[in-house]
Amino acid sequence: MKRNAPGKVYLVGAGPGAADLLTLRAARVLADADVVFHDALVHPDVLAVASRAERIAVGKRCGKHSTAQRFINKRLVDAAAKHRVVVRLKGGDPMLFGRAQEELDALRAAGIDVEVVPGVTAALAAAADLGVSLTRRGLSRSVVFVTPRVGDGEQPNDWAATVARADTAVIYMGAGEAAAISAALLARGKPSSLPVAVVENASLPESRRWLTTLGALPGLADEAFRGPVLLLLGEVFAGAGREADEAYRRRA
Ligand SMILES: C[S@@+](CC[C@H](N)C(=O)[O-])C[C@H]1O[C@@H](n2cnc3c(N)ncnc32)[C@H](O)[C@@H]1O
């Protein structure tokens, strides 16, 4: 059905996985949605909240295919011509490592009303699962979120220098490059004993956690991961294994 006035597009944060970590605003927009374009990482329980919407997987896992991205931009613009409420649902928070800016720019250029609904980013869910604060008085006053992942045609940046300067670092999309990450940070002068926490499927019942060190991080290559993974580095994670187990016992 063709509508006269274009609809509105919402870029909505799906949160890290657990449906009860959706914001109330996200849940309201999803319940009202006519169509939802979602990433591969969005949990089925979150999608279920969009009970009356047509749900369309747009499949990108790491935001690195520019052709696919242009195609998604066009589909959002086209959908707004047909529907009142269009949702672009992205894992975690849409404004972090989610190519939100390209979608916002394309929608604004097409004269379409767009609103962003934030979500809980994976780093914060991982900190909660570990039971470890990312900042700590006297130990950590800075936190960085980085990715070593470089998209097609993009210049690499010096993410390792950024991590080396921070007290605490959270590395997105890095689990497959553990050996290179370890080597790059050791070369920047980080100690081999630096604690590293690894969290898979943060916020979900099937979440798994490992505690290691920067020097031993290449051993991660032997793990068969079953879901998205974050690497968290910093002195705050010393003893994180014990604290994580306690946090899980309390939640169970
Ligand atoms: C394309 S980025 C999107 C990040 C998302 N916008 C956010 O704010 O969390 C995908 C990466 O986020 C991390 N990630 C997302 N969900 C996660 C989860 N539940 N547990 C651990 N890592 C997660 C992984 O590093 C994954 O490769």
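Starting afresh in each chain, residues are numbered from 1 along the sequence in its written order. Given that the model is predicted, a residue must reach a pLDDT of at least 70 before its local features are reported, and side-chain atom pairs must reach 80 or more before they are shown or counted; all residues, however, enter totals for whole chains, interfaces and linings. Based on all heavy atoms of the structure, the side-chain values leave hydrogens and waters out of the count.

Quick word on the sheet that holds strand S5 (residues 114–117)
When DSSP locates at least two bridges between a pair of strands, those strands are taken to pair. The helix count covers DSSP runs of H or I at least four residues long, the strand count covers runs of E at least two residues long, and both are numbered beginning at the N terminus. Within the open sheet, the five strands sit side by side as S3-S2-S4-S1-S5. Their pairing is parallel. A strand with exactly one partner marks an edge of an open sheet, and here the two such strands are strand S3 (54–57) and S5. Neighbour to neighbour, the strand axes of the sheet diverge by 20° on average, direction disregarded. Sheet contacts for helix H1 (residues 24–32): strand S1 (8–13), strand S2 (35–38), strand S4 (85–90) and S5; angle to S4, the most-contacted strand, approximately 130°. Axis definition: a line fit to C-alpha positions, over the contact stretch in the case of helices; interaxial angles, taken between N-to-C directions, run 0 to 180 degrees. Contacts are residue-level and defined by heavy atoms, with any inter-residue pair within 4.5 Å sufficient.

Comments concerning the pattern of salt bridges
Think of a salt bridge as a Lys or Arg side-chain nitrogen and an Asp or Glu carboxyl oxygen that are within 4 Å of each other. Summed over all chains, the structure comprises 11 salt bridges. With a closest N to O distance of 3.2 Å, Lys90 and Glu103 form a salt bridge. With Lys90 in strand S4 and Glu103 in helix H4 (residues 100–109), the pair connects residues that are 13 residues apart, well separated along the chain. Residue classification places Lys90 among the buried residues on the basis of a relative accessible area of 1%. Relative accessible area decides the class of each residue, using a 1.4 Å probe on protein chains only: under 20% of the type maximum gives buried, over 50% gives exposed, and in between gives partly exposed.

Here's the deal with the sheet that holds strand S7 (residues 168–172)
The strand order across the open sheet built from five strands is S6-S7-S10-S8-S9, with neighbouring strands paired in mixed fashion. Looking along the sheet, the strands with just one partner apiece sit at the ends: strand S6 (143–146) and strand S9 (208–213). Ignoring which end each strand starts from, the neighbouring axes of this sheet average 20° apart. Each of S6, S7, strand S8 (195–200), S9 and strand S10 (229–234) touches helix H5 (residues 122–130); the most contacted strand, S10, lies at about 70° to it.

Quick look at the site of the ligand
Surveying the vicinity of the ligand reveals 18 residues, the closest of which are Asp93, Leu96, Thr121, Ala202 and Val229. Within 3.5 Å is the distance limit for a polar contact, defined as a pair of N or O atoms, with the added protein rule that one can donate a hydrogen and the other accept it, and that residues adjacent in sequence qualify only through two side-chain atoms. Backbone polar atom of Asp93 to an oxygen atom of the ligand: 2.9 Å apart, as the coordinates give it. At a separation of 2.7 Å, an oxygen atom of the ligand approaches a polar backbone atom of Val229. Broken down by class, the residue content of the shell around the ligand amounts to 12 nonpolar, four polar and two charged. In this structure, the shell around the ligand is formed jointly by two domains, domain 1 (8–117) and domain 2 (122–251), each of which donates at least three residues. If a single non-hydrogen atom of a residue is within 4 Å of a molecule or strand, that residue counts as near it. Polar here means any residue other than Ala, Val, Leu, Ile, Met, Phe, Trp, Tyr, Cys and Pro, which are nonpolar, and Asp, Glu, Lys and Arg, which are charged; Gly is therefore polar. Residue ranges for the domains originate in an automatic or database domain assignment.

Re the nonpolar core
As used in this record, nonpolar core signifies buried Ala, Val, Leu, Ile, Met, Phe, Trp, Tyr and Cys residues forming a set joined through side-chain atoms within 4.5 Å. Ranked by size, the top nonpolar core spans 22 residues in total, and within it Trp159, Leu185, Leu217, Leu231 and Leu233 carry the most contacts. Contributions of two or more residues to this core are made by S6, helix H6 (159–165), S7, helix H7 (178–187), S8 and S10.

Observations regarding H7
Listing the buried residues of H7 in full gives Ala178, Ile181, Ser182 and Leu185. Seen end-on, H7 carries its buried residues on one side only, within an arc spanning 100°. Close packing links the buried residues of H7 with H6, S7 and S10. Immediately downstream of H7, the backbone of Gly189 shows phi near 95°, a positive value. Here the arc refers to the set of directions running from the helix axis out to each C-beta atom.

Brief notes about H1
Of all the residues in H1, the buried ones are Ala26, Val29 and Leu30. The arc that holds the buried residues of H1, viewed along the axis, is 100°, so those residues lie on one side. Seen from the open side of H1, the exposed residues pointing more than 90 degrees away from its buried face are Leu24 and Arg28. Those residues of H1 hidden inside the fold are in contact with S1, S2, helix H2 (44–47), S4 and S5.

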